[in-house]
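Each chain, letter by letter, is given below.
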Amino acid sequence: MKRAQHCSTFGSLPWSARADVVGLCAAMAAFSAWLWPTWRTDDDLSHGVLLPLLSGILFFECRRAPVNRFAGPGAGLFSAGLALLLAAILGGCLAVAYAAGLGWNYSTSQFMMAASLVLVLGAGWLALADSRLRFLPLNWAAASAILLWLFAAPPPPGTYARLSLFLEGRVTDAVVHILRSVGIAAYRDGNLIELARSRVGVSDACSGVRSLISCTVAGIFLSGVVVRRPWSRVWVILLSPVIGLAMNLIRSLALTLVASTGSSIEGRWHDITGESIIVLTTLLICLFAFWLRRHEGQPPGGAEAPPPAQGAHAVLPTVLAGALGGVLACGVILAVRSHSSGPAAAPVDLASLFPQAPAGWVEKTTPGMDQYSDILRTTNLSERVYYHPKGEGSGYVNLYLAYWRPGEAPVSLVDAHTPDACWPGTGWEAEVASARREPLQVGGRTLAAAESRRFTHGSQEANVWFWHLYGRKAVPFVDPYSVPRILKMSLHYGLRRPEEQLFVRVTSDQAWDEVAREPIVRQFFDNLRVQGL
């Protein structure tokens, strides 16, 4: 470890190191542009809007330290940087795989990409901290600038849910205990607080997760720009989230006290307390950091290191520059392949695809289909049942359609909600021997190969045929319980320009030869011809 008074300028760096600086800045800018809509709409990530600015301030501050430390050249520095770079590439590949299968806005995809960005920034930091380059010193401000990006993306869903549930319980317990200690009758029922005149619910927004994450970000930032001693930094980082959680508890208690008087806490009271707590929490954390700064002595000094050796060559910056170039090329190819060109397609009018019931038949539209919209990520779905003139329960034909605009849902999600995966949960059992893929004929023409199934539910039997169309072409069926096959399909369809999707299902108690003769079915598939079926 060598000390030096000043960092080198950008212009004095070799071409590989300059390429690293530009590439890393471009990576942070691209990542910010990708997550910007999420930062603007997700209250839990509202601090993300400031992250590029905070990180930039920290990178600038790390170069202004009176004494800077740099790493001596050697195999250790190269090995550590290469390990971080390889881990970043692996994490990026996993993030792309998640995005291809579950969508680019899926939280796990975003978190994995954020982790990859942190790793590649760490590799770049080691490359530029080489004593032969002396561009980014090895200090806490630089480390903080990199660590902040880990909070740019939403945490993994399971981790967030468990943390939120834990905090909700603790806040509810604490508020009830305090109320009882001051003589106010309160009773806990789950995450509800029963009062004499009202009931208060401690929801996810009141759990303190937002305060915990935002205050941790604030603590890391202040530890890099305000305090200088290691123990001062530890205290700022550890106590910042504690202050945030304490202030959130005070807010929850204040709202509950207002509710105990019979007043409504929604609207004005809720907003006023929320905004006030944010301001007070920020001020308390800043005051605490500056109080520690006042009690610190002067930072240790040291002798200036000799100037960089003329003609010295660092290998790690060259390797990093090549890797960043390769990632850039892959990113451009991926963006071009997955870019949706042209105006957004108008949604298909599903009602126009269903046939009218012939004379004597009974037609019923299944109500409540919108309850599946959140799971399927579409509101454009409909189901109609046609009963044979013999009467209800005999000779029926059930027609189901669901439509997705380009990019509205990944292929794997649509393919995961087939009868094979969903019907067993409602009591239907599939006959394993009946599962097959077969071309069907209707009205004198052969349809795309359909997945054929037979289900039983007690004494009831149902024959099911279904198709999944992507870009008006049939998608080969994938076993919803086979992870390798789902991953293969996700990568095949998820890394290309998004197309519209249509799921078609026909259910009947009759065999296909009988179903295909019904005028309803012939008209249905005539209407679907324009959709590629």
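Everything here concerns the structure above.
Residues numbered from 1 in each chain as written. Predicted model: local features only at pLDDT ≥ 70, side-chain atom pairs only at ≥ 80, totals over all residues. Heavy atoms only, no water.

A. Representation of the overall build of the protein chain. When its secondary structure is counted, the protein chain shows 16 helices and 16 strands. Taking the contacts inside the protein chain whose residues are at least 6 apart along the sequence as the reference set, 74% of them involve residues at least 24 apart. Summing over all exposed atoms, the protein chain offers an accessible surface of approximately 26500 Å²; the carbon and sulfur share of this is 62%. (Helix = DSSP H or I, 4+ residues; strand = E, 2+ residues; numbered from the N terminus. Contact = heavy atoms within 4.5 Å. Areas by Shrake-Rupley, 256 points an atom, 1.4 Å probe, with all protein chains shown as cover.)

B. Region of interest: the pairing of strand E14 (residues 460-470). Among the eleven residues of E14, nine are classified as buried, and the element is accordingly described as predominantly covered. As paired elements, strand E13 (residues 450-457) and E14 share seven bridges and run antiparallel to each other. From the neighbouring strand, Arg 453 faces E14, where its bridge partner is Val 464. Relative to strand E16 (residues 501-508), E14 runs antiparallel, the two sharing eight bridges. Directly across from Trp 467, in E16, lies its bridge partner Val 504. As defined by bridge partners, E14 adjoins strand E15 (residues 473-474) across two bridges and the pair is classed as antiparallel. Opposite Leu 469, over in E15, you have Ala 474 as the bridge partner. From the end of E14 to the start of E15, which pair antiparallel, there are two residues, and Gly 471 there has a positive phi angle of about 60°. (Buried < 20%, exposed > 50% of the residue type's maximum accessible area, 1.4 Å probe, protein only. Pairing = 2+ DSSP bridges.)

C. Seen up close, the pattern of salt bridges. Overall, the coordinates contain 13 salt bridges when judged by the stated rule. Notably, a salt bridge pairs Arg 436 with Glu 438, separated by 3.4 Å at the nearest N-O pair. Between Glu 451 and Arg 453 there is a salt bridge whose closest N-O contact spans 3.1 Å. By relative accessible area, which is 6% here, Arg 453 ends up buried. In this structure, a network of salt bridges that share partners links the residues Asp 420, Arg 437, Glu 451 and Arg 453. (Salt bridge = Lys/Arg side-chain N within 4 Å of Asp/Glu carboxyl O.)

D. Up close: helix H1 (residues 15-41). Its 27 residues give H1 an end-to-end C-alpha distance of 40 Å, which sits within 8% of 39 Å, the value for a rise of 1.5 Å per residue. At Leu 35, H1 shows its maximal bend, which comes to roughly 50°, and the proline Pro 37 appears one to four places after that position. (Expected span 1.5 Å × (residues − 1). Bend = angle between axes of the 7 residues up to and from the residue.)

E. Examining unusual backbone geometry more closely. Phi at Arg 134 takes a positive value of approximately 55°, unusual for a residue other than glycine. Tracing the backbone shows Arg 134 in the loop between helix H4 (107-128) and helix H5 (140-147). The buried category is assigned to Arg 134, whose relative accessible area is 12%.

F. Structural view of the packing of aromatic side chains. Counting across every chain of the model gives 13 aromatic pairs. Residues Phe 31 and Trp 34 carry aromatic rings whose centres are separated by 5.9 Å and whose planes lie at 75° to one another, so their mutual orientation is edge-to-face. A residue pair is termed a helical-turn pair when its members lie 3 or 4 positions apart in one helix, as Phe 31 and Trp 34 do in helix H1 at three residues. Exposure remark for Phe 31: the relative accessible area of 5% places this residue in the buried category. A centroid spacing of 5.0 Å and a plane angle of 65° characterise the contact between Trp 465 and Trp 512, whose relative ring orientation is edge-to-face. (Phe/Tyr/Trp six-rings, centres within 6.5 Å; stacked < 30°, edge-to-face > 60°.)

G. Representation of a nonpolar patch on the surface within the structure. There is a patch of nonpolar side chains on the surface, built from Trp 36, Val 49, Leu 50, Leu 53 and Ile 57 and spanning about 420 Å² of accessible area. Its location among the elements puts Val 49 in the loop between H1 and helix H2 (51-62). Taking relative accessible area as the criterion, Val 49 reaches 32% and is therefore assigned partly exposed. (Patch = residues over 30% accessible without salt bridge, like charges linked within 9 Å, V, L, I, M, F, W, Y side chains within 5 Å.)

H. Focus on the state of the cysteines. Enumeration over the complete set of coordinates arrives at zero disulfides. We note that Cys 7 lacks a disulfide partner, and the nearest cysteine sulfur, in Cys 62, lies 6.6 Å from it. A residue is classified by how much of its surface remains accessible, and Cys 7, at 14% relative accessible area, is buried. (Disulfide = S-S within 2.5 Å.)

I. Structural context of the packing of H1 against H4. Two numbers describe how H1 lies on H4: the axes approach to 11 Å, and their chain directions differ by 160°. With respect to H4, the axis of H1 lies roughly antiparallel. Helix-helix and strand crossings are classified by hand; for H1 and H4 the assignment is left-handed. Each of Ala 17, Val 21, Leu 24, Ala 27, Met 28, Phe 31, Trp 34, Leu 35 and Thr 38 in H1 lies in contact with H4, whose residues at this interface are Ser 109, Gln 110, Met 113, Ala 114, Leu 117, Val 120, Leu 121, Gly 124 and Leu 128. For the contact of H1 with H4, the residue count by class is 14 nonpolar, four polar and no charged. (Axes fitted to C-alpha atoms, helices over the stretch in contact; angles between N-to-C directions. Parallel < 35°, antiparallel > 145°, perpendicular 65-115°, else oblique. Left-handed = near helix turned anticlockwise from the far one by under 90°. Nonpolar A, V, L, I, M, F, W, Y, C, P; charged D, E, K, R; others polar.)

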